[in-house]
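Inside the fold
Spelled out from the first residue to the last, the chains are:
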Amino acid sequence: MLDVQAMNNSLLYDIAFSQIHGINLYERKKIIQIFGSAMSIYNACQQDGKAFVDLELKCIDSLMAAWPLKAAAEELSTMQRLGIEATCINNATYPNRLFQCEDAPTILFVKGSKKWNLPYLISIVGTRNHTLYADKVIQELLEGIQHLNLGVVSGLALGIDGMVHEKSCALKIPNWGVIATGLDDIYPAQHQRLANKMIETGGGILTENICDTAPLPYQFPKRNRIVAGMSDATIVIESQVKGGSMITAGLARGYDREVFAVPGKITDQKSTGCLALVRSNTAQLYQSPTQLLENLGWGLSDSKIPIQKPLPFDLSPICKEILEVISKQSPIHQDQLANLFNINIGLLSTHLLTLELNGLIQPHGGAFYSIR
């Protein structure tokens, strides 16, 4: 039996919910958005599932089965012992770009910083067997964008990924590695020291997997969707036609994110993937940091430093709370705000319009908002 304190811990239900078999990624996120939290879903299950009757869900039987609460409690204990934290899809610390993806994981396990909701976030991926050309491209790229309030995401794999993380740390750019195992066993093991350096530099390591998850082949494409989904854009540096980088690029394009590919010699096998991405119009050609920033519409100098403005005296308490969240999480999507404040989109839109008319926030494409 679980003790009362454990049963009152909402994270226990978040972990247990993420481990229920028979629920696909899309339905898992949809259910959380309907009920607001995994604990609310569990409570609905305890009431004979009446709340599920009018919902078009294929996974009701899986939800109504016994939840793995004991295993979740053991995972919580392991997390506390190893210094692992978590962020759930209904938390303000959840990656706001990833939140927009239909197949976003409902929970992420983290070692290090969760301050990834920066004005700019970019993923850089590539082959394990890289060349000196890739080394030079990565160095020039990172040096050319480091003036921005920016973070970098990659997969902590050997090769390009590891080089991206190493160079980001050297330039003091916060960077995050998404791994395909649990955080009790950094994979590959050769990057344990690098992982520690990333944490020290203000980034960290994250995964959707609980501890004791083995590095099985199917876990890596799942990992790649997080790499693609967390960022505004993905850059592929050296890849053959088949490989994890190509999967990440395809996923990023599917999420309507920008994709860039670094060109190489047409006779070089390591360039065939990048050239294929450009030829199929999946990716734009990457030529330089300046061209990248121009194509993305990002400033060549950091102009996103917010200026504190006096608040109108008649601003309602809820508007002030929304403004505070936007100031800390910018850019943030309206759906995430609705989820955080548990209000419908119509009412939220009224509050957002008030803030916009007072010159306090700025709307962006895709229903994102940032501080003005």
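As shown above, the structure is provided for reference.
Throughout what follows, the structure given in this document is the object of discussion. (Residues numbered from 1 in each chain as written. Predicted model: local features only at pLDDT ≥ 70, side-chain atom pairs only at ≥ 80, totals over all residues. Heavy atoms only, no water.)

Examining the packing of helix α3 (residues 25-35) against helix α4 (residues 38-45)
At their nearest, the axes of α3 and α4 sit 8 Å apart, and the two run at 85° to each other. Relative to α4, the element α3 lies roughly perpendicular. Only A38, S40, I41 and A44 of α4 make contact with α3, whose side of the interface consists of I31, I32 and F35. Of the residues belonging to the contact of α3 with α4, the class tally is six nonpolar, one polar and no charged. (Axes fitted to C-alpha atoms, helices over the stretch in contact; angles between N-to-C directions. Helix = DSSP H or I, 4+ residues; strand = E, 2+ residues; numbered from the N terminus. Parallel < 35°, antiparallel > 145°, perpendicular 65-115°, else oblique. Contact = heavy atoms within 4.5 Å. Nonpolar A, V, L, I, M, F, W, Y, C, P; charged D, E, K, R; others polar.)

A few points about the packing of aromatic side chains
Per the stated rule, a full pass over the model turns up seven aromatic pairs. Aromatic pair Y42 and W67: ring centres 5.3 Å apart, planes at 70°, arrangement edge-to-face. Taken together, the residues Y42 in helix α4 and W67 in the loop between α5 (60-64) and α6 (69-82) connect sequence positions 25 residues apart. Here Y42 matches W67 in class, with each residue buried. Within the aromatic cluster, the residues linked to one another by ring pairs are Y13, F17, Y42 and W67. Positioned above the aromatic ring of F17, the side-chain terminus of R28 is 5.6 Å from the ring centre. Sitting over the face of the ring of F99, K29 holds its NZ or CZ atom 5.2 Å from the ring centroid. (Phe/Tyr/Trp six-rings, centres within 6.5 Å; stacked < 30°, edge-to-face > 60°. Buried < 20%, exposed > 50% of the residue type's maximum accessible area, 1.4 Å probe, protein only. Lys NZ or Arg CZ within 6 Å of the ring centre and 35° of its normal.)

Description of the pattern of salt bridges
Considering all chains together, one arrives at seven salt bridges under this definition. Ionic pairing is found between D135 and K167, a salt bridge with its closest N-O pair at 3.2 Å. Here K167 lies in helix α8 (residues 160-170) and D135 lies in helix α7 (residues 132-145), a separation of 32 residues in the sequence. On the accessibility criterion, D135 (29% relative accessible area) is partly exposed. Via salt bridges that share partners, D103, E208 and R225 belong to a single interconnected network. (Salt bridge = Lys/Arg side-chain N within 4 Å of Asp/Glu carboxyl O.)

Thoughts on the sheet that holds strand β3 (residues 120-126)
Note: strands within a sheet are paired through backbone hydrogen bonds, in either parallel or antiparallel orientation. Here we have nine strands laid out as an open sheet, ordered β1-β2-β6-β5-β4-β3-β7-β8-β9, and mixed in their pairing. On the outer flanks of this sheet lie β1 (85-88) and β9 (284-285), each paired with one strand and no other. Where β3 lies against strand β4 (residues 150-154), four bridges are found, and the strand directions are parallel. The residue of β4 that forms the bridge with S123 is V153. Against the sheet, helix α9 (residues 192-200) contacts β2 (107-112), β5 (175-178) and β6 (204-207), and its axis sits at roughly 110° relative to β6. (Pairing = 2+ DSSP bridges.)

Digging into helix α12 (residues 272-279)
Those residues of α12 not exposed but buried are T272, G273, C274, A276 and L277. Packing partners of the buried residues in α12 comprise β7 (233-237), α11 (244-254) and β8 (258-261). At the C-terminal side of α12, N281 shows a positive phi close to 65°.

A closer look at the pairing of β3
Within β3, seven of the seven residues are buried, which leaves the element mostly enclosed by the surrounding structure. Neither face of β3 is open: one carries Y120, I122, I124 and G126, the other L121, S123 and V125, and all of them are buried. Taking the sense of rotation as the criterion, the β-α-β connection linking β3, α7 and β4 turns out right-handed. One ladder, built from five bridges, connects β3 with β7; its direction is parallel. Note that in β7 the partner of I124 across the bridge is I235. (Right-handed = clockwise from strand over helix to strand, strands pointing away.)

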